[in-house]
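Here is how the chains run, residue by residue.
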Amino acid sequence: MSEAKPVGGKVFTGPFLFFLVITLIGIYFLAKRFMFGIGAVSNMSDGFPWGIWITYDVVVGTAFACGGYSMALLVYVLNNGEYHPLVRPALLASAFGYTLAGVSVFIDIGRYWHIYHVFLPWFTNLNSIMLEVALCVAAYIAVLWIEFSPAFIEAKTGSKSKANKILIFFIALGMLLPTMHQSSLGTMMILAGHKLSPLWWTPLLPLIFLISAITMGYTVVIFESTLSALGFKRPLETEMLAKLSLLIPILLVVFLVIRFGDLLMRGQLGLAFSGDLQGNMFLLENILHILPLVILASAANRKSGKMLFLSACLLMSGGLLFRFNTYLIGFDSGIGWNYFPSVSEQFITYAIISAEILLYMLFVKKLPVLPSHGQARA
């Protein structure tokens, strides 16, 4: 098994400066938000109390950040140690993704100075699914950074950290918490009732969200590994990723069978062919799930770095659209309410994405995150 080593090299490269500029633009709009209120930068309303800050930065962002969770299930539960070199990069991406999702919640709350009330027992509403999500996500952020802490110790001491031996409790907790809150993100939209289109409203939403999140975790590992190899001029890990990708078609089949079986049982599948926006977005969402299934069903495609990356891009788009459809496109607040994100909202989201990329680039160059060597380029 390869030891993790810092990539090294210059920090202020062209891509780094590009994402830094986007981040700084977003910080300008954030300053405006905190000085003049959420209405100064957002198109959210009583009819649409959350927009892309929750839909992308939290609902989509945490699914994209499930690489650490999915790899933990594979390595520590299914005991596939050969994938261990992929764990720490996935863990780092998860830590950034979840941390910035927490930041997004802070930005999204109107009275952000009261956010600490979530942690005070005398304000606790035990019937609130949002409380469960908030506490789970907050706890998981802490767990992720504890799990990643050996990288800081190894960077400082130059030797392998003994902390790895005492992390088993946090690893177990790190598998429990995402199982709870990823399913609960689906439960939240069950509460929408008739306001959510029958194409997405189902009592099975918690299960569907959980399966989708695990699938997205493996997909993002492929995506990140490929981009890291190309961006840092490292060998591609195609052989290992090909074996990992075997899990994705299985999960996709389960996802699609439950998804379409549920619609057939409820007699709502015909809405997909109504020709309206919701029907068309439903079809596009599922096409983006079916195409990767077809691609990865071929052993030859799984051995191709290009096809693995293509399937990852398609499936990430499909997972993103599934969540956007559930939280925004399929949601109808009633007559008179509409929502489209303002330029300010969009740039704040772009800045959060850019900040995650910046920090990832910085950490892998300075800390032992990526394995010191890999397979030959494919």
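Residues numbered from 1 in each chain as written. Predicted model: local features only at pLDDT ≥ 70, side-chain atom pairs only at ≥ 80, totals over all residues. Heavy atoms only, no water.

Trainee: Can you walk me through the overall build of the protein in this structure?
Mentor: Secondary structure assignment for the protein yields 13 helices and two strands. Radius of gyration (C-alpha) of the protein: 21 Å, near the 21 Å computed for a compact globule of 378 residues. Counting only residues that meet the buried cut, the protein has 52% of its 378 residues in that class. Partitioning the intrachain contacts of the protein with sequence separation of at least 6 by distance along the chain shows that 81% fall at a separation of at least 24. On the protein, roughly 17300 Å² of surface is accessible, and the fraction owed to carbon and sulfur atoms is 71%. Of note, the protein has its 23 positive side-chain charges centred 11 Å away from the centre of its 17 negative side-chain charges. (Helix = DSSP H or I, 4+ residues; strand = E, 2+ residues; numbered from the N terminus. Rg over C-alpha atoms; globule rule 2.2 N^0.38 Å. Buried < 20%, exposed > 50% of the residue type's maximum accessible area, 1.4 Å probe, protein only. Contact = heavy atoms within 4.5 Å. Areas by Shrake-Rupley, 256 points an atom, 1.4 Å probe, with all protein chains shown as cover. Lys, Arg positive; Asp, Glu negative; His and termini not counted. Charge placed at Lys NZ, Arg CZ, Asp CG, Glu CD.)

Trainee: Just checking my understanding: could you explain helix H2 (residues 52–64) for this structure?
Mentor: Compared with an ideal rise of 1.5 Å per residue, which puts 13 residues at 18 Å, H2 spans 15 Å between its outermost C-alpha atoms and falls more than 12% short. Within H2, 13 of the 13 residues are buried, which leaves the element mostly enclosed by the surrounding structure. (Expected span 1.5 Å × (residues − 1).)

Trainee: Explain the state of the cysteines to me, please; I cannot follow it from the model alone.
Mentor: Enumeration according to the criterion identifies zero disulfides in this entry. Here Cys313 stays unpaired: no disulfide links it, and the sulfur of Cys66, its closest cysteine neighbor, is 18 Å away. (Disulfide = S-S within 2.5 Å.)

Trainee: Sorry if this is basic, but what is going on with the packing of aromatic side chains here?
Mentor: Aromatic rings considered in pairs are described by the distance between their centres and by the relative angle of their planes. Under the criterion given, the structure shown has 28 aromatic pairs. Ring centres of Tyr112 and Trp113 lie 5.1 Å apart, and the angle between their planes is 80 degrees; on these two criteria the pair is classed as edge-to-face. Trp113 gets classed as partly exposed once you look at its relative accessible area, which sits at 48%. Considering the side-chain rings of Phe148 and Phe152, the 5.5 Å spacing of their centres and the 85 degrees angle between planes classify their relative orientation as edge-to-face. With Phe148 and Phe152 both in helix H5 (residues 129–157), this residue pair falls four residues apart, about one helical turn. We classify Phe148 as buried; its relative accessible area is 1%. Accessibility expressed as a relative area gives 37% for Phe152, which makes it partly exposed. The rings of Trp50, Phe209, Phe255, Phe322 and Tyr327 are connected pair by pair, giving a single aromatic cluster. Between the NZ or CZ atom of Arg323 and the centre of the ring of Phe209, over which it lies, the distance is 5.2 Å. (Phe/Tyr/Trp six-rings, centres within 6.5 Å; stacked < 30°, edge-to-face > 60°. Lys NZ or Arg CZ within 6 Å of the ring centre and 35° of its normal.)

Trainee: Can you help me understand the nonpolar core in this one?
Mentor: The nonpolar side chains of soluble globular proteins are, as a tendency, buried together. Met71 and Leu244 are the most contacted members of the largest nonpolar core, which totals 100 residues. In terms of residue count, helix H7 (residues 205–231) provides more of this core than any other element does, twelve residues in total. Not counting residues up to four positions away in its chain, the partners in contact with Leu244 are Met71, Leu74, Tyr83, Leu86, Tyr218, Val221 and Ile222. In this structure, Met281, Leu288, Ile295 and Leu314 belong to the second largest nonpolar core, which totals five residues. (Core = buried A, V, L, I, M, F, W, Y, C linked by side-chain atoms within 4.5 Å.)

Trainee: Please clarify how unusual backbone geometry should be interpreted in this entry.
Mentor: A negative phi angle characterises most non-glycine residues, just as the trans form characterises most peptide bonds. The phi torsion at Lys233 lies on the positive side, around 55 degrees, for a residue other than glycine. Mapping Lys233 onto the fold places it in the loop between H7 and helix H8 (238–244). Take Lys233: its relative accessible area is 71%, and that puts it in the exposed class.

Trainee: So what exactly am I meant to see when it comes to the side chain of Asp262 here?
Mentor: Mapped onto the secondary structure, Asp262 falls in helix H9 (residues 247–266). Separated by 2.9 Å, the side chains of Asp262 and Arg266 make a polar contact. (Polar contact = N/O pair within 3.5 Å; in protein donor to acceptor, adjacent residues only side chain to side chain.)

Trainee: What am I meant to see in the pattern of salt bridges here?
Mentor: When their charged atoms lie close together, side chains carrying opposite charge are able to pair. Within this structure, the stated rule accounts for three salt bridges. Where Arg88 meets Glu154, a salt bridge forms, and the shortest distance between an N and an O atom there is 3.1 Å. Of this pair, Arg88 sits in helix H4 (residues 87–108) while Glu154 sits in helix H5, and the two are 66 residues apart along the sequence. Judged by its relative accessible area of 11%, Glu154 falls in the buried class. (Salt bridge = Lys/Arg side-chain N within 4 Å of Asp/Glu carboxyl O.)

Trainee: How do you make sense of the confidence of the model for the protein when you look at a structure like this?
Mentor: The predicted coordinates ought not to be read in detail in places where the model reports low pLDDT. Looking at the protein, pLDDT values average 90 and 95% of them are 70 or higher. Low pLDDT, under 50, characterises residues 374–378; the predicted model gives this stretch 16 contacts beyond four residues in sequence or across chains. (pLDDT = per-residue confidence, 0-100.)

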